Every structure is written in structure tokens, then in C-alpha cells.
Amino acid sequence: MSRSRTSLETTSEQEKHLESARALQETIDKADLKLQSYAKDFRTHKVEVDGEEVHLKDPAIVASDVAAQMSYLRKLKFQFWEQSAKDKYVKTIVSDIDDALIVNTDDNNEIFSKNEQKKALLKEAKAKRAEVQENVRILAPLVEEDYDRIKKMTEKANVLAQKIIDARLRLTRLRQTHPQPRLTILLADQKLTEQVEQMQSLSDEAQAISEKIQSMKDKVKNSNAELEKLRTERAEAEKAVKIAKVDEDEAKLMPLYDWYMAALKLHRWIHDLHHTQTVSENELRLTYNVALPSEKAILITIALIFAPDTRHLAAVQVTEAEELEIELGDTIDVHIQSNDVHGLIAAILSQYRTGLALRAL
């Protein structure tokens with residue numbers, strides 16, 4: 001609503017400016033200044049003296065010529081008055097006394113006063129003329145500048161009026177091309193807000209998908225690494241089998257395999273072994289449950305680290321699921337020196353289970 005009111009006010013102001021420009025144009029046309037025609041006539045005017053064309057000169061040269069002629073005329077005027085006075089004086093002396101012109105002091109004073117008055121009037125008239133000429137000389141360029149400025153403003157007003165007409169025509173065409181209901185600013189803002197929300201939701205979905213893709217890539221990478229490890233182990237196993245030259249169909253392997261698996265199950269059942277993990281070629285991690293049979297499971301992890309390329313025990317690390325505060329330093333050092341892995345595991349499990357039993361009492 002405010003936008004439509006502003007557009008109406010702008011249109012009314014444009015109409016006022018347009019009417020003012022038209023009124024100014026009509027006033028200038030009615031004034032009939034003819035400045036351009038006068039300037040053109042002055043430029044094309046030709047002076048003829050005795051039938052011969054006289055070319056216009058520079059105003060400075062003309063001014064100097066006029067000054068010289070005025071000086072010459074003043075001299076002629078002075079000589080004329082001088083000769084006239086001499087002639088009157090001679091005639092007064094030589095002629096008969098009765099017919100002579102009697103001139104006394106009063107007459108001379110009267111003539112002198114009249115001359116002074118005329119000189120004052122002449123001087124005043126010359127001053128006024130000089131003032132008028134100076135005003136004309138100063139105001140003539142200003143009038144021409146005002147005329148040029150008004151002319152430019154009139155042309156600009158005409159151009160603006162034409163632009164206003166063209167804009168109205170384009171607006172009418174747009175209204176015909178896009179009939180009601182038109183998209184308002186409020187609806188446009190609402191639609192923009194909806195699009196922003198959609199873009200945000202799509203961006204969140206894209207982020208979630210990219211994170212899922214990254215996690216899948218990590219899983220695939222880990223799977224590939226594990227696969228490569230298994231392939232390496234398989235190649236080593238096949239190589240060991242070829243070196244040992246053991247026949248797959250040999251009947252002695254199956255009883256040994258069954259015995260090994262039974263012993264492993266028995267060991268798991270006796271010592272409550274939950275998990276085994278081969279971290280590297282010289283590190284083995286065993287996870288045991290040291291809790292009493294009627295209590296919740298308490299897991300500890302024993303990391304056995306062997307010296308590279310040997311079967312000698314180098315270090316042992318025990319990780320507890322709970323803080324049981326059982327000292328194992330001396331036990332570990334003794335069994336590392338004797339390289340007794342089985343005794344070390346049995347001693348650690350025994351100490352933990354004994355400590356838990358004493359705590360339960």
C-alpha cells in the first residue's frame with residue numbers, strides 16, 4: 001500500500017514538473033526574444049560604404065579607430081570655436097560702435113553658467129550611457145546563458161515527458177501480459193522464505209548423505225585392509241603348507257586338529273576366555289572374565305608383547321574394565337624373566353579372582 005502511494009506521489013510530482021516545463025516553453029515562445037535570429041543577422045550583416053562592402057573588424061581595432069577620430073573631431077571643434085571667437089572679436093573692434101555687439105561681464109557669467117549646466121547634464125548623460133553600456137555588456141552573456149539553460153531544460157523536459165509516456169506504455173503492456181493475480185512483495189517474500197527452508201533441508205540431507213558415504217568409504221577401506229591382511233596370511237599359510245609338504249588327505253592331521261580345538265575349548269571354559277585378538281606379528285591380546293560365577297562379568301585384557309622374530313616375552317600390559325587396584329608388577333617381571341607365558345596368565349587370573357573373592361567377603 002505504501003509503495004502504491006509513493007508511486008502516485010511520484011507520478012503527481014512528475015506531472016507538476018511537466019506542466020511547469022510546458023508553461024515555461026509557452027512563455028519563451030510568446031516572448032519572441034529572437035536572440036538566435038539577431039545573433040545570426042549580426043554575423044551575416046554586411047556594411048557598405050559608397051557601394052563597396054566593408055568587412056567587419058576586430059572590436060578593439062574599431063575602438064582605437066573611433067578614439068582617434070573623436071580626438072581629431074575635438075581638435076577641429078576647438079579650432080572652430082577659436083576661429084569663431086577671433087572673428088567675433090575682430091568684427092566687434094572694427095565695426096561701427098553703434099552696430100557693435102555689446103558683451104559685458106554679466107553676459108559672460110550667464111553664458112558660463114549655462115555652459116556649466118550643459119556640461120553637467122552632458123557628463124551625467126555620458127555616465128548613464130556608460131552605465132547602461134556596462135550593464136548591457138555584463139548582462140548580455142548572462143541572458144544568453146539563461147536562454148541556453150532554459151533551452152536545455154526545455155529539451156530535457158520534452159525528453160522526460162517522452163520517457164514518461166514510454167514508461168506508461170511499457171507498464172500498460174506489462175499489465176496486459178501479466179493479468180491478475182500478480183505476485184506481490186509479500187507473496188514474493190513468503191515464497192523466498194519457503195525456498196530458503198527447502199534449500200536448508202536439502203543441504204542437511206546432502207550433508208547427512210555425504211557423512212554416510214564417508215563412513216561407508218571408511219568401512220570399505222577397513223574391509224579392504226582386513227582383506228589384504230587375510231590374503232597375506234593365506235599366502236603365508238599356503239607357503240608354509242608347501243614347505244612342510246603336508247598332504248591334505250593325510251589322516252594324522254584330523255585327530256591333531258580335533259585335539260587342538262578341544263584343548264582350546266577346554267582352556268576357554270576353564271579360564272573363562274572371552275576374546276582373542278592378534279594385533280600384530282608380535283602382539284597378542286587376551287580378554288578374560290575374572291568375576292565370580294554369581295556376579296556380573298568383570299573383563300580384563302592381557303596384552304602379550306614378544307620380541308620381534310623370537311618367542312621370548314618382552315612386555316605385558318593389563319587393562320582393567322574396573323579399577324580393582326591389584327599390584328602385578330613383581331609377578332609380571334618374574335614371569336618375563338623366565339619367559340613363562342602360561343604361568344603368567346594363570347598367576348594374573350589367580351590374583352584377580354582372589355582379590356575379588358576377598359572383597360566379596
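Residues numbered from 1 in each chain as written. Predicted model: local features only at pLDDT ≥ 70, side-chain atom pairs only at ≥ 80, totals over all residues. Heavy atoms only, no water.

Chemist: Lay out the overall build of the protein chain with the relevant residues and their values.
Modeler: A tally of helices and strands in the protein chain yields 8 helices and 6 strands. Its helices and strands in sequence order give the protein chain the pattern α-α-β-β-α-α-α-α-β-β-β-β-α-α, from N to C terminus. The proportion of buried residues among the 361 residues of the protein chain is 11%. Within the protein chain, contacts between residues separated by at least 24 positions form 38% of all contacts whose residues are at least 6 apart in sequence. Working note: accessible area of the protein chain is about 30900 Å², and carbon and sulfur atoms make up 58% of it. (Helix = DSSP H or I, 4+ residues; strand = E, 2+ residues; numbered from the N terminus. Buried < 20%, exposed > 50% of the residue type's maximum accessible area, 1.4 Å probe, protein only. Contact = heavy atoms within 4.5 Å. Areas by Shrake-Rupley, 256 points an atom, 1.4 Å probe, with all protein chains shown as cover.)

Chemist: Can you break down unusual backbone geometry residue by residue, with the values?
Modeler: With a phi angle near 55°, asparagine 339 is a residue other than glycine that sits in the positive phi range. Here asparagine 339 is to be found in the loop between helix H7 (329-338) and helix H8 (341-360).

Chemist: Before we move on, could you go through the pairing of strand E3 (residues 273-280) and cite the residues and values that matter?
Modeler: Strand direction decides the pairing type here: E3 and strand E4 (residues 283-289), joined by 6 bridges, are antiparallel. Its bridge partner lying in E4, histidine 275 is registered against threonine 287. Taking the residues between adjacent antiparallel strands as the criterion, E3 and E4 are bridged by 2 residues. (Pairing = 2+ DSSP bridges.)

Chemist: Could you give an account of the nonpolar core, with specific residues and numbers?
Modeler: Among the nonpolar cores identified, the biggest contains 22 residues, and Tyr288, Leu304, Leu313 and Val316 are the most heavily contacted of them. For this core, the secondary structure elements donating two or more residues are E4, strand E5 (299-306), strand E6 (313-320), H7 and H8. For this core, the element with the most residues is H8, which contributes 7 residues. Not counting chain neighbours up to four residues away, the residues in contact with leucine 304 comprise Asn282, Glu283, Leu284, Leu286, Leu313, Ala315, Val316, Val341, Leu344 and Ile345. (Core = buried A, V, L, I, M, F, W, Y, C linked by side-chain atoms within 4.5 Å.)

Chemist: Any details on the packing of aromatic side chains? Residues and values, ideally.
Modeler: Throughout the structure, instances matching the rule amount to 1 aromatic pair. Ring geometry for phenylalanine 80 against tryptophan 81: centres 5.7 Å apart, planes inclined by 65°, an arrangement best described as edge-to-face. On the basis of relative accessible area, phenylalanine 80 is assigned to the exposed category, the value being 52%. (Phe/Tyr/Trp six-rings, centres within 6.5 Å; stacked < 30°, edge-to-face > 60°.)

Chemist: Please set out the pattern of salt bridges residue by residue, giving values where relevant.
Modeler: Enumeration according to the criterion identifies 6 salt bridges in this entry. The salt bridge partner of glutamate 124 is lysine 128, with a shortest N-O separation of 3.6 Å. Taken together, the residues glutamate 124 and lysine 128, both in helix H4 (residues 105-177) and 4 residues apart, mark about one turn of the helix. Residue arginine 149 pairs with aspartate 146 through a salt bridge whose shortest N-O separation is 3.5 Å. With arginine 149 and aspartate 146 both in helix H4 and 3 residues apart, this pair spans about one turn of that helix. A relative accessible area of 45% means that arginine 149 is categorised as partly exposed. (Salt bridge = Lys/Arg side-chain N within 4 Å of Asp/Glu carboxyl O.)

Chemist: I'd love a proper account of the sheet that holds E6, names of residues and values included.
Modeler: Taken in spatial order, the 4 strands of this open sheet run E3-E4-E5-E6, and their pairing is antiparallel. Two strands bound the open sheet, and with one partner strand each, they are E3 and E6. Across the sheet, the axes of successive neighbouring strands diverge by a mean angle of 15°, strand direction being ignored. Taken together, the 7 bridges between E4 and E5 define a ladder with antiparallel strand orientation. By the bridge assignment, leucine 286 is partnered in E5 with isoleucine 302. (Axes fitted to C-alpha atoms, helices over the stretch in contact; angles between N-to-C directions.)

Chemist: Break down a positive patch on the surface for me, citing the residues and quoting the values.
Modeler: On the surface, a cluster of positive charge is contributed by Arg74, Lys77, Lys126 and Arg129. One can find arginine 74 in helix H3 (residues 59-94). (Patch = residues over 30% accessible without salt bridge, like charges linked within 9 Å, V, L, I, M, F, W, Y side chains within 5 Å. Lys, Arg positive; Asp, Glu negative; His and termini not counted. Charge placed at Lys NZ, Arg CZ, Asp CG, Glu CD.)

Chemist: Kindly report on the confidence of the model for the protein chain, identifying the contributing residues and their values.
Modeler: Looking at the protein chain, the pLDDT average stands at 77 and 75% of residues meet or exceed 70. By mean pLDDT, strand E2 (residues 52-54) is the weakest element of the protein chain at 52, and H4 is the strongest at 87. (pLDDT = per-residue confidence, 0-100.)

Chemist: So what's going on with the side chain of threonine 331? Residues and values would help.
Modeler: By the element assignment, threonine 331 lies in helix H7. A residue is classified by how much of its surface remains accessible, and threonine 331, at 15% relative accessible area, is buried.

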